[in-house]
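Architecture and fold: a report
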Amino acid sequence: MPAASIIDVNITLGQWPTRRVPCDELPALAAKLHQHNVIEAWAGSYDGLFHEDLTAVNNRLADDCRAQTAVRLIPFGEINPLLPNWQAELARCAEHHRMPGVRLHPNYHGYALDHPDFALLLKAVAERDLIAQLTVLMEDDRMMHPLMRVAPVDLRPLAALVEQTPGLRLILLNALKGPRDDKLIRLLNTNGVYCEIAMLEGVGALEQLITEVSVEKILFGSHAPSLYFESASLKLRESALPVPHVRTIVQENARRL
Amino acid sequence: MEIWDVHCHLASLPGNTPDARLARLLEFADRMGVERVCVFMGLTWSYDPSPADLRQQNDEVLAAIAHYPDRAFGFVYLSPKHVRESLDELNRCVADGPMVGVKLWVAVRADALELDPIVERATELKAVVLQHAWMKVTGNLPGESTPIQLATLAARHPNAKLICGHTGGDWEQGIRAVRAHANISVDLGGGDPAAGITEMAVRELGPERIVFGSDAPGRSFASQLAKVYGAAIPDDAKQLIFATNLKRLLKPILTDKGLSVDN
C-alpha cells in the first residue's frame with residue numbers, strides 16, 4: 001500500500017444511469033477517498049456523458065467540487081465537440097471555473113477520433129494549456145445495458161493527432177483493460193500522452209507495464225465509484241515497485257502535470 | 001484475514017513448467033495474503049478439448065500442485081462432450097488422486113443431460129463442481145453456460161455442491177438466477193471490480209453462499225480482492241467469503257483424503 005498521499009485522476013461524480021453503487025453520493029465517496037489517503041481527486045460527471053446542457057453539468061460539477069472539504073476535488077468539465085459552440089463551453093471551463101482540464105467521452109458523444117472537430121478541440125485545449133482526459137470505456141462491454149451498448153474508443157487516429165498538436169497533455173482513462181498491443185504502448189511512449197491504472201488487469205500487471213512504459217507516464221486512477229476504489233490501491237501492493245516509483249505514480253506525475 | 005482462492009489458472013504466466021508457473025502465481029499470492037489457491041486447466045486452453053487434451057491439462061495441474069501440497073488444490077477439468085473419458089479423469093484425478101473439485105468450462109451448456117453422470121460421480125466423491133457461467137449482452141459462446149442453465153442443473157442435483165463461476169458474469173442477473181438453489185455458491189472472480197457486486201450477493205444469497213475467487217493470473221488478485229475488502233459488509237461476512245465458506249465446502253473431501261481443515 002502506498003505510504004505517500006494519493007492523487008486520484010479518475011473519479012466521477014453523480015450516478016451511473018443503470019446502477020446505484022455504494023459510493024455514488026458525494027459524502028460517501030469523499031469519505032472513502034479520505035479513508036485511503038487520497039488528498040486530491042480529479043472529477044468528471046456521469047451526467048456529462050448523457051446530458052446536452054453541458055454548461056449546467058459543468059456548473060454543478062464545479063459547485064460540488066468546491067463544496068467538498070474532506071478531499072480536494074478538482075473538476076474536469078465535459079466537452080462535446082459535436083455540440084454547437086463548444087468553444088464557449090471550453091472557455092467557461094478554463095476562465096470561469098478555472099478548471100485545469102476537461103474530460104472527453106467520444107464514444108458516448110458519438111464521434112470517432114478522426115472527426116475534424118476533435119482535432120480542433122485538442123488544439124484548443126493545448127493552446128489554453130489545459131489537460132485533456134479521454135475515457136476509452138466506462139464498463140465491460142459484455143455487461144452493458146442492451147440499449148446502451150457503447151464500443152471502446154478506437155485510438156488509432158491519436159498518434160497522428162498528438163504529433164500535430166504541440167503542447168498537448170493527454171491522459172487516457174480506462175485504456176489498459178484488455179491485452180495491450182504494441183500500438184497502445186507506442187502511443188503511451190509518445191511525448192505528452194499518459195495513462196492511469198483503474199482497469200489495468202492481470203497479476204503483477206503494473207510491474208510489467210513499467211517495463212514497457214516510462215513510470216513518468218503512469219498515474220493513479222481508480223474509476224471510483226463505478227469500481228471499488230481498493231482495486232487500484234491494492235495493485236500497488238501486488239506489483240513489486242521501488243518506493244520512489246510508487247510516489248511517482250500516486251502523486252508526483254499528477255503534480256507535474 | 002485468511003484468504004482461500006477458488007479460481008486460479010496456470011496459463012499466461014511465465015515459466016517453462018507447470019510448477020514454475022504455479023511458483024510465480026504463489027509469489028503474487030504471497031504479496032496479497034492469499035494462503036491457498038485452487039488451480040485448474042493447463043498451460044494451453046481450447047473451448048472444446050479432446051479427451052487427450054483434457055488428460056494433458058490435468059497432468060499439468062497434477063504436476064504443479066505436487067510441488068505445493070500445502071498451498072494449492074487441483075480441480076479436474078472435464079468436458080460433458082466426452083462423458084466416459086471425463087468419468088475416467090474424475091476417478092484418476094479425484095477418487096485416486098489429490099484433486100478436490102471439478103471444473104467445467106464452455107464445451108457444453110450446464111443444463112445438458114450429459115452433465116448428470118459427471119455431477120453424480122463428483123457428488124459421490126464429495127467434490128465441488130465449479131461451472132463457468134456468463135450472461136453476455138454480446139452473446140455467449142455456443143457451449144457457454146448461463147447461470148439460469150446452472151440453476152436447472154442444480155434443481156436436478158440438490159445434493160451436489162455447485163459453484164457459479166464469475167457470479168454469472170452479469171452478476172445482477174446471475175445472483176437472481178441462482179438465488180433459489182441453496183446448493184449453488186457464487187464465485188466472485190473474473191469480472192471487473194464493479195462496485196456493489198458483493199453487497200448485492202450478500203443481500204440476496206447471504207454471506208455463506210459466496211466464495212472468493214480471482215481468476216488470476218488473467219485478473220489481478222488486487223482487483224478481485226477489492227470486491228471483498230471494499231464492500232460495505234461486516235468483517236465477519238468478509239471472512240466467510242474469503243475462506244470459511246470454501247473450507248466448509250471442501251472439508252468433507254479433504255477429510256476423506258486425510259487432510260484436516262480448521263474452521
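The structure displayed is predicted, hence computed values, not measured ones.

Once that is clear, we can look at the interface of chain B and chain A. When the parts of a complex come together, some accessible area is lost, and that lost area is often taken as the interface size. Each partner contributes residues to the interface: chain B has 38 residues there, and chain A has 30 residues. Counting each side, the surface lost to burial between chain B and chain A is near 2800 Å², with a carbon and sulfur contribution of 58%. On the chain B side of the interface with chain A, the three residues burying the most area are R31(B), V137(B) and A195(B), jointly 22% of the side's total. Counting across the interface, chain B meets chain A through five salt bridges. Notably, a salt bridge pairs E172(B) with R19(A), separated by 2.8 Å at the nearest N-O pair. Those elements giving two or more residues to the side of chain B that touches chain A turn out to be α1 (18-32), α6 (171-178), α7 (197-205) and α8 (221-229) of chain B.

Let us now look at α6(B). Residues and elements named next belong to chain B. Every buried residue of α6 is listed here: W171, G174, I175, A177 and V178. For α6, the angular spread of the buried residues around the axis is 160 degrees, confining them to a single face. Elements that come into contact with the buried residues of α6 comprise α5 (147-156), β6 (162-164), β7 (184-187) and α7.

A separate point is helix α9 (residues 205-212) of chain A. All buried positions along α9(A) are accounted for by A205(A), L206(A), E207(A), L209(A) and I210(A). Elements that come into contact with the buried residues of α9(A) comprise α8 (182-188), β7 (193-196), β8 (218-219), α10 (229-238) and α11 (243-256) of chain A together with α1 of chain B.

Among the nonpolar cores identified, the biggest contains 100 residues, and L22(B), L25(B), F221(B) and L225(B) are the most heavily contacted of them. If we ignore the near neighbours within four places in the chain, the residues touching L225(B) are L234(A), I3(B), M32(B), V34(B), F212(B) and F242(B). Formed by 72 residues, the second largest nonpolar core is a distinct cluster that contains L29(A), I79(A), A124(A) and L168(A).

With that out of the way, let us pick up the pairing of strand β5 (residues 131-135) of chain A. Residues and elements named next belong to chain A. Burial within β5 is extensive, with five of its five residues counted as buried. Here β5 shows no split at all, with I131, Q133 and T135 on one side and A132 and L134 on the other all buried. Relative to β5, strand β4 (residues 101-104) runs parallel, the two being bridged by four bridges. By the bridge assignment for β5, G101 is matched with I131. Of the pairings in the sheet, the one linking β5 to strand β6 (residues 169-173) comprises five bridges and is parallel in character. When the bridges of β6 are listed, Q133 appears paired with I171. In the classification by handedness, the crossover that spans β5, the intervening helix α7 (residues 158-163) and the parallel β6 is right-handed.

What counts, and where the lines are drawn
As a convention, each chain's residues are numbered from 1 in the sequence order in which they are written. Going through the entries in the order they are written, you letter the chains from A and number the ligands from 1. This being a predicted model, a pLDDT of at least 70 is required before a residue's local features are given, and a value of 80 or more before pairs of side-chain atoms are given or counted; all residues contribute to the totals for chains, interfaces and linings. Water and hydrogen atoms were dropped before computing side-chain values, which therefore reflect all heavy atoms in the structure. Contacts are residue-level and defined by heavy atoms, with any inter-residue pair within 4.5 Å sufficient. A quick way to say it: buried area is the sum, across both parts, of accessible area lost when two parts are put together, with a 1.4 Å probe. Definition used for salt bridges: Asp or Glu carboxyl oxygen within 4 Å of a side-chain nitrogen of Lys or Arg. Secondary structure counts use DSSP, requiring at least four H or I residues in a row for a helix and at least two E residues in a row for a strand, with both numbered from the N terminus. Here the term buried applies to any residue with accessible area under 20% of the maximum for its type, exposed to any over 50%, and partly exposed to those in between, with areas from a 1.4 Å probe on protein chains only. In this description, the arc belongs to the directions extending from the helix axis to the C-beta atoms. Grouping buried Ala, Val, Leu, Ile, Met, Phe, Trp, Tyr and Cys residues that are joined through side-chain atoms within 4.5 Å yields what is termed a nonpolar core. A pair of strands is treated as paired once DSSP finds two or more bridges between them. Whether a crossover is right-handed comes down to one check: with the strands pointing away from the viewer, does the path from the first strand over the helix to the second run clockwise; if it does, it is right-handed.

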